[in-house]
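Read off the chains here:
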Amino acid sequence: MSHAPAGTEPAQPPPEDDHAFFGQPRGLMTLSGLEVWERFSFLGMQAILVLFFADTVSDGGMGMDPGTAASVSAAYGTLVYLVSVAGGWLADRILGSYRAVLYGGVLIACGHYAMAVPTATMTWVGLGLISAGTGLLKPNVASMVGKLYRTEDQRRDAGFALYYMGINIGAFAGPLVTGWLGEHASWHWGFSAAAVGMTFGLIQYVAGRRHLAGRKHTAEYALAPGPMRRAVLTIAAGIAVAALVATALALAGWLTMDRFVDVLTLVSVIAPVVYFVVMFRSPRVTPEERGRLRPYVVLFLASVVFNFILFQAYSTMMLLASTNARTEIFGFHFPASWYASALGAFEVALAPVVAAVWARMGPRQPHASNKIAIGVILGGLSFLLMVIPTSGHADDTYRMAAWWIVGSYLLLGLGDILLETSGMSATTKLAPKAFASQTMALWFLSLALANGIQAQIVKLYGEVSNPAYFGVNGAIAVAAGVAVIAAAPWLKRTMHPVH
């Protein structure tokens, strides 16, 4: 057992920190501030990424056709969430949450700085670094927020509400800055802004480290020294071999961009199937827990359907906004990527309203499965709404009013609030105890699968008419939500203790 040397900072925050931030632990300000800047950089970059891919080479872009640009952007999202599963394990077993978040933030910042260099090679290097860094940071920040509170602390839900508000503030502000720079200076200036934002986040994270509970601890479920050395060597060797094989296949002409996207989609499908098979067959899972896993599969698939729509807010919807939407409101002209900020703005505004409605309804509020179903239906309606302004045009030169896309994002933002909060809560309650520390991995696999499917479907964007594309995808989502509502009696019966 290691001991901190005399004179170093204590492992726990000072007692006066406990109510220093709006009645919450002061460490919440440090972690929320980090998430503001991480989401600023991540979603700020993502708002212009598909536009950068689709822009002509002469204008500083990558020259991809719209469908390919959206597919590659979705594949990047798939990689981020697949790596997040490994990031949770690394924090639990080797690094500890504080170091995992710190190292992840450094990798993200380096990735954005790499993308600021105007070469194709540095773009791919940067995306790889951001994927690895986000995989380390994203699953572990939320667990650090949880460590600020005792199990019985009644402030926990309010603390997480403040934390998620920070996420959405970053989601709102990021596209405003990166979008303006990307479309008025160059795409790489936009990526530079994302890099500076992540740097600010890291500075305040390190400066506020004394307010974080347990930051001096090693991994919570650390491997013994021998197995840890073997695990580190195996991971390093695996990464090196994978890089060599990928380089060799690329040089041989076999590993094309399309095939890489297909491989990621295949992995995103196989991973959750394997995960669920392991849980259903594990001797550590009781028959009662196995019974609760069955309804969770339904909710997992509902999450996949909704997030398939949600993630297109940063791909096909951005492409549609850039080519067929007016970028002017009340005489003010703005970059097309600013539409992405509407999603974050609506979530900041609507989250307290939804929370107040549920609190007022008390025990009369809808069952968690119905909240998730309504969220999926709203996601589908956000796409069905786009059928109206994209229909009845003789050619592709029309420009729809800004309010159509803003209205679509309003439906999508409300759906996201309903589904994400209820889905995460259900995940933590329905997962078997033997897999309790891996509940975030389950949720991230649903996001990875949504992106993996998106990476294939968006290839049709630009190949079929816009009304057909948005209409069919929206209708499928609405049908999925209705199916979950139809299954509500069975879900309510089998999801105990979720209400």
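Further up the page is the structure itself.
Reading guide: rules and limits
- One numbering rule holds for all chains: residues counted from 1, following each sequence as written.
- Owing to the predicted nature of the model, reporting of local features is limited to residues with pLDDT of at least 70; listing and counting of side-chain atom pairs is limited to 80 or more, with chain, interface and lining totals taken over all residues.
- Side-chain calculation: all heavy atoms of the structure are included, whereas hydrogens and water are not.
- In the sections that follow, a salt bridge refers to a side-chain nitrogen of Lys or Arg positioned within 4 Å of a carboxyl oxygen of Asp or Glu.
- Think of it in three bands: with a 1.4 Å probe and only protein chains considered, a residue is buried below 20% of the maximum accessible area for its type, exposed above 50%, and partly exposed in between.
- Secondary structure elements are taken from DSSP: a helix is a run of H or I of four residues or more, a strand is a run of E of two residues or more, and numbering for both begins at the N terminus.
- Note on definitions: a residue-residue contact is assigned when non-hydrogen atoms from the two residues lie within 4.5 Å.
- Put simply, two rings from Phe, Tyr or Trp (the six-membered ring, in Trp's case) pair if the centres are within 6.5 Å, and we call them stacked under 30 degrees between planes, edge-to-face over 60, tilted for the rest.
- Exposure above 30% relative accessible area and the absence of a salt bridge qualify a residue for a patch, where like charges join within 9 Å and nonpolar side chains (Val, Leu, Ile, Met, Phe, Trp, Tyr) within 5 Å.
- Accessible surface is estimated by sampling points in the Shrake-Rupley manner with a 1.4 Å probe; for residues, cover comes only from the protein chains shown.

**Quick notes on the pattern of salt bridges**
If you walk through the whole model with that rule in mind, you get four salt bridges. Residue Arg39 is joined to Glu38 by a salt bridge in which the shortest nitrogen-to-oxygen separation is 2.7 Å. The residues Arg39 and Glu38 share a single accessibility class, namely buried. A salt bridge links Lys459 to Asp262; the shortest N-O distance between them is 3.3 Å. With Lys459 in the loop between helix 15 (439–457) and helix 16 (466–486) and Asp262 in helix 8 (residues 257–281), this pair connects stretches of sequence that are 197 residues apart. Classification of Lys459 by relative accessible area gives partly exposed; the value is 29%. Its relative accessible area of 34% is what places Asp262 among the partly exposed residues.

**Overview of the environment of Glu289**
By the element assignment, Glu289 lies in helix 9 (residues 287–310). Given the relative accessible area of 7%, Glu289 is considered buried. Through-space distance from the C-alpha of Glu289 to that of Pro432 is 5.5 Å; in sequence the pair is 143 residues apart. If we skip the residues at most four places from it in the chain, Glu289 touches Arg284, Pro432 and Lys433.

**Description of the packing of aromatic side chains**
Each aromatic ring pair is summarised here by two numbers: the centre-to-centre distance and the angle between the ring planes. Across all of its chains, the model carries 21 aromatic pairs by this definition. Both rings, one in Tyr81 and one in Phe311, keep their centres 5.8 Å apart while their planes meet at 25°; by these two values the pair is stacked. Here Tyr81 is found in helix 2 (residues 66–95), whereas its partner Phe311 is found in the loop between helix 9 and helix 10 (316–324), with 230 residues between them in sequence. With relative accessibility at 10%, the residue Tyr81 sits in the buried group. An angle of 75° between the planes, with centres 5.3 Å apart, marks the rings of Phe334 and Tyr339 as edge-to-face. The same class applies to Phe334 and to Tyr339, which are both buried. Through a chain of ring-to-ring contacts, three or more aromatic side chains come together here, namely Trp180, Phe332, Phe334, Trp338 and Tyr339.

**What about a nonpolar patch on the surface?**
A surface patch of nonpolar side chains, about 560 Å² in accessible area, is lined by Leu266, Val269, Ile270, Val273, Val274, Val277 and Val278. Tracing the backbone shows Leu266 in helix 8.

Interpretation note: all reported values are geometric properties and have no functional meaning in isolation.
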